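# A closer look at the structure
Spelled out from the first residue to the last, the chains are:
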Amino acid sequence: MDVVRTEIQSLGGHIVTTSEKNKGTRFQMVMPLTTAVTQVVMMRAGDIKFGVPANLVEYVRRVPKALIEQAHKDSVYTDNNQELPYYFAGALLQGNLRSQEEPEKTSAVVILRSATKRLAVHVDEVLGNQEVVVKNLGPQLARLPGLAGMSVLASGAIVLIYNPVALYTVYGQQIADRIAEAAVHPEVAKAPVRELAEQVVQ
């Protein structure tokens, strides 16, 4: 019971307990209207673990290393004869332009759809589906493009939930410019990138 109470309180809710003699005890979990339960797909890009609403994920492909390299070079991934914009998830999250991990024979590419836009995103690892309680963001964080909400996992860790297609819509050209520059000046790929939160206050 203490674990449940702690989890609910961390999301801004509380438990109401009412007892009646010879009838028992009733527990009501009261949650703010700003929370919702949803399915997310947990992913990892480098040290960043994040969630993506499951309804945005069409499917996950295991793609050979050679095709990953070509997609990174062209910034395009061809899926069923359709050319999709292609990015490493870390780049969309204002981190590394590409994975820093030793490439395996195949890597995970997630095909995403939001409204009419489709996007291919390379991630270091797909951690699986999870049902989470999503808490809406406050007014300041709500201004961050692509940030859909946040949740507290059973482990107590806070996870941010993103819409990568929205991130691409806002930052795609900026990232493409950095990738083009890094092809000529490799040190650009390792240069620090401003955090999304820093950009909000400007």
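Residues numbered from 1 in each chain as written. Predicted model: local features only at pLDDT ≥ 70, side-chain atom pairs only at ≥ 80, totals over all residues. Heavy atoms only, no water.

## What about the overall build of the protein?
Helix and strand counts for the protein come out as five helices and 12 strands. Sorting the 202 residues of the protein into buried and exposed places 37% on the buried side. When contacts within the protein are restricted to residue pairs at least 6 apart in sequence, those whose partners lie at least 24 apart make up 59%. Within the structure as shown, the protein displays about 12000 Å² of accessible surface, and the carbon and sulfur contribution to it stands at 52%. (Helix = DSSP H or I, 4+ residues; strand = E, 2+ residues; numbered from the N terminus. Buried < 20%, exposed > 50% of the residue type's maximum accessible area, 1.4 Å probe, protein only. Contact = heavy atoms within 4.5 Å. Areas by Shrake-Rupley, 256 points an atom, 1.4 Å probe, with all protein chains shown as cover.)

## Quick word on helix H2 (residues 65–74)
Considered for burial, the residues of H2 that qualify are Ile68, Ala71 and His72. Taken down its axis, H2 places every buried residue within 100° of arc, on the same side. Seen from the open side of H2, the exposed residues pointing more than 90 degrees away from its buried face are Ala66 and Lys73. Where H2 is buried, its residues touch strand S5 (57–64), strand S6 (76–79), strand S7 (82–88), strand S8 (106–114) and strand S9 (117–123). (Arc of directions from axis to C-beta.)

## Focus: the packing of aromatic side chains
Following the criterion strictly, the structure yields two aromatic pairs and no others. For the pair Tyr87 and Tyr168, a centre-to-centre distance of 5.6 Å together with 45° between the ring planes defines the contact as tilted. Of this pair, Tyr87 sits in strand S7 while Tyr168 sits in helix H4 (residues 164–184), and the two are 81 residues apart along the sequence. Residue classification places Tyr87 among the buried residues on the basis of a relative accessible area of 6%. Of the residues examined, Tyr168 reaches a relative accessible area of 24% and is grouped as partly exposed. (Phe/Tyr/Trp six-rings, centres within 6.5 Å; stacked < 30°, edge-to-face > 60°.)

## Digging into the sheet that holds S5
Across a sheet, paired strands are connected by hydrogen bonds in the backbone, their directions being either parallel or antiparallel. In space, the five strands of this open sheet follow the order S5-S8-S9-S7-S6, with mixed pairing throughout. Of all the strands in the sheet, just S5 and S6 have a single pairing partner and so form its edges. Averaged over all adjacent pairs, the angle separating strand axes in this sheet is 35°, with direction ignored. In terms of strand pairing, S6 meets S7 through four bridges, oriented antiparallel. Within S7, the position partnered with Asp79 by the bridge is Gln82. (Pairing = 2+ DSSP bridges. Axes fitted to C-alpha atoms, helices over the stretch in contact; angles between N-to-C directions.)

## Thoughts on the confidence of the model for the protein
Across the protein, the average pLDDT comes to 82, with 81% of residues at 70 or higher. Within the protein, helix H5 (residues 196–200) has the poorest average pLDDT of any element, 39, and S9 the best, 96. Considering only residues more than four positions removed or in separate chains, one finds that residues 195–202, a stretch of pLDDT under 50, has 14 contacts. (pLDDT = per-residue confidence, 0-100.)

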